[in-house]
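The lines below spell out each chain.
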Amino acid sequence: MTAQVCLTVTIAVYLIMMIVVGIVFSKDNEDTSDFYLGGRKLGPFVTAMSAEASDMSSWLLMGIPGLAYLSGLADPFWTILGLALGTYINWLFVAKKVRKQTEILEAITVPEYFSKRFDDKKNILTCISALIIVIFFIPYTASGFAACGKLFNTLFGVNYFLAMIVSAIIIALYCTMGGFKAVCTTDLIQGICMTIALFIVIIFGINEAGGLTAVINNAKDLPGFFSITQIHNSDTNTASPYSVITAISMLAWGLGYFGMPHILIRFMAIGDVDKLKTSRRVASIWVVISMSVALLIGIVGLGMSAHGIIPTFTNSGDSERIIIHIANLMSSYGLFPAIIAGLILAGILAATMSTADSQLLASASAISSDLIQTFFGKKLSDEMSVKIAKLTVVIISVIAIFIARNPNSSVFSIVSFAWAGFGASFGPVVLLALFWKRSTKEGALCGMIVGAILVFVWKYIISGLGGFFAIYELLPAFIIALIVNIIVSLLTKAPTDVVKKLS
């Protein structure tokens, strides 16, 4: 009983703290620029941690450990390598140009940047990109709500759906109250909580499983578990070859970074462009360490299952709850361990909330600023625009709850699809907009639409053919969208006036 009380109180204090942050920053939102972009005043450390915390989401603490637990090193290794490379390259080449160009063009959202960069006076790019943001962010947000539901259901036996609704209300509440500054500040806090949670779980788990040697020996006994060229099958306890196609698929996750609106918006918001180098270093180091530790949690969890300390999991829906079971076990050791366990669970909430709030805010700006005002030409006061944005947050939250209503849904698979959607539709457009002066609005529009549609077509139709076609939908969709963008751009007139402005 004491353990449950400690867990509940610790989590409650954390959630209240997030709401307080929203209240504090609610006074700073004088206009839409403040609400959506924080007035471009973020410091380098906040920028780095906010970008990466919002990027990692619940799949860091739940998806990666669950993947490693079931299939061994190969899948998470190639995924982590791709994401680490993507993170570094994005900060190195994209961040500074995005910050400078969006300021010159006075763009405060990604869709608005597209239209101004390509001199799209009819704002067709704004409309299409805003719709893409809403379409892919809703399932992404749903994955976060699902993680919250799994957390409280596993810990307290609370109804999954009810737990998800309460979590969604809290996230929507501080997001609508404090806007971008609140989101970034909570992201910083949440990033710290996630880091603490990862290391505590590793230390406790290794100790419970009989030490690091015991953990490693247990995994070694499983065919193909520690190989990056083979994959372990937990159902048959056998190993099968890890194909080059699959490895490339996992590496392709890194391409997604170039098109993530919630990451690009952080680049736009940093106060001092010269401090981006500091942000890049902080972000890159944190990403590599956090993902590596998350992978190790899956291996440690397997060792604990082998000793009967936690249950044995046979599917991804259950294996993604490893860290929750470990924290719950820790809470049974007394008052102080229960408080620490509460902090670990707060870290899971942090991973979820840091992404969900960013996605909700990006979706709100897409509808309120980009669709209603820019595309449909409805002039709204700053006050009314912010009110509509807040209403949009609520509506999207409701839709996301509906999508995530199944407690057996996999966080990793939902995130994988949404990640592919943004990477393929926005990634090529962003890269060509920044680095190729000849890129045109027609090319951007065609590439964007082809990328978004092909993600659906490849995943639900073409991948079913197997073999080479079973590759992660992000890679072929990204490449084809890039080619289409280039070909159409070469066949149409370049936006010379805007290019001169940005030179």
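This text follows the structure it describes.
Residues numbered from 1 in each chain as written. Predicted model: local features only at pLDDT ≥ 70, side-chain atom pairs only at ≥ 80, totals over all residues. Heavy atoms only, no water.

A. Summary view of the packing of helix α11 (residues 276-306) against helix α13 (residues 322-330). At a minimum axis separation of 10 Å, α11 and α13 run at an interaxial angle of 60°. Comparing their axes, α13 and α11 come out oblique. Read as a crossing pair, α11 and α13 show a hand that is left-handed. Here I297, G298, G301 and M304 of α11 lie close against α13, whose contacting residues are I322, I323, I326 and L329. Classifying every residue of the contact of α11 with α13 by side-chain character gives six nonpolar, two polar and no charged. (Axes fitted to C-alpha atoms, helices over the stretch in contact; angles between N-to-C directions. Helix = DSSP H or I, 4+ residues; strand = E, 2+ residues; numbered from the N terminus. Parallel < 35°, antiparallel > 145°, perpendicular 65-115°, else oblique. Left-handed = near helix turned anticlockwise from the far one by under 90°. Contact = heavy atoms within 4.5 Å. Nonpolar A, V, L, I, M, F, W, Y, C, P; charged D, E, K, R; others polar.)

B. Representation of the side chain of S439 within the structure. Mapped onto the secondary structure, S439 falls in the loop between α16 (411-435) and α17 (441-460). Residues within four places of S439 in sequence aside, it is in contact with R117, F118, L432, A433, N485, S489 and P495.

C. How the structure looks around the packing of helix α4 (residues 74-104) against helix α10 (residues 261-269). Between α4 and α10, whose axes approach to 8 Å, the crossing angle comes to 60°. Regarding the angle of α4 to α10, the classification is oblique. By crossing handedness, the relation of α4 to α10 is classed as right-handed. Residue-level contacts link N90, W91, V94, A95, V98, R99 and T102 of α4 to I263, L264, F267 and M268 of α10. When the residues that make up the contact of α4 with α10 are grouped by side-chain class, the tally is eight nonpolar, two polar and one charged.

D. Structural view of the packing of aromatic side chains. With the rule as written, the count across this model stands at 18 aromatic pairs. A ring pair is formed by Y69 and F313, whose centres lie 5.3 Å apart and whose planes are at 55°; its orientation type is tilted. Of the two residues, Y69 sits in helix α3 (residues 44-71) while F313 sits in the loop between α11 and α12 (316-319), which places them 244 residues apart along the sequence. A single burial state applies to Y69 and to F313, both of which are buried. Their ring planes at 40° and their centres at 6.0 Å tell us that F422 and F426 sit as a pair that is tilted. On the criterion of helical spacing, the pair formed by F422 and F426 is a turn pair, its members being four residues apart in helix α16. (Phe/Tyr/Trp six-rings, centres within 6.5 Å; stacked < 30°, edge-to-face > 60°. Buried < 20%, exposed > 50% of the residue type's maximum accessible area, 1.4 Å probe, protein only.)

E. Seen up close, a positive patch on the surface. Residues K96, K97, K100, K277, R281 and K437 make up a contiguous surface patch of positive charge. Listing elements by their share of the positive patch, those giving two or more residues are α4 and α11. Looking at the element boundaries, K277 is found in helix α11. A relative accessible area of 46% places K277 in the partly exposed class. (Patch = residues over 30% accessible without salt bridge, like charges linked within 9 Å, V, L, I, M, F, W, Y side chains within 5 Å. Areas by Shrake-Rupley, 256 points an atom, 1.4 Å probe, with all protein chains shown as cover. Salt bridge = Lys/Arg side-chain N within 4 Å of Asp/Glu carboxyl O. Lys, Arg positive; Asp, Glu negative; His and termini not counted. Charge placed at Lys NZ, Arg CZ, Asp CG, Glu CD.)

F. Main features of unusual backbone geometry. The residue E106 is not glycine, and still its phi comes out positive at about 55°. On the secondary structure map, E106 appears in the loop between α4 and α5 (110-117). Positive phi, normally seen in glycine, also occurs at N123, with a value near 60°. Tracing the backbone shows N123 in the loop between α5 and α6 (124-156). Classification of N123 by relative accessible area gives buried; the value is 16%.

G. The pairing of strand β2 (residues 238-241), seen in detail. By the bridge criterion, four bridges tie strand β1 (residues 230-233) to β2 in an arrangement that is antiparallel. When the sheet's bridge partners are listed, Q230 is paired in β2 with P241. (Pairing = 2+ DSSP bridges.)

H. Examining the environment of D318 more closely. For D318, the location among the structural elements is in helix α12. Looking at D318, the relative accessible area reads 29%, which means it is partly exposed. D318 sits 89 residues away from P407 along the chain, and the two C-alpha atoms are 9.8 Å apart.

I. Just the nonpolar core, in detail. In this structure, L60, V94, F114, F267, W419 and F422 are the most contacted members of the largest nonpolar core, which totals 129 residues. Residue contacts for F114: discarding those within four places in its chain leaves L125, S129, F426, V429, V430 and M448. Within the second largest apolar cluster, ten residues are counted, among which are A142, A146, Y160 and A404. (Core = buried A, V, L, I, M, F, W, Y, C linked by side-chain atoms within 4.5 Å.)

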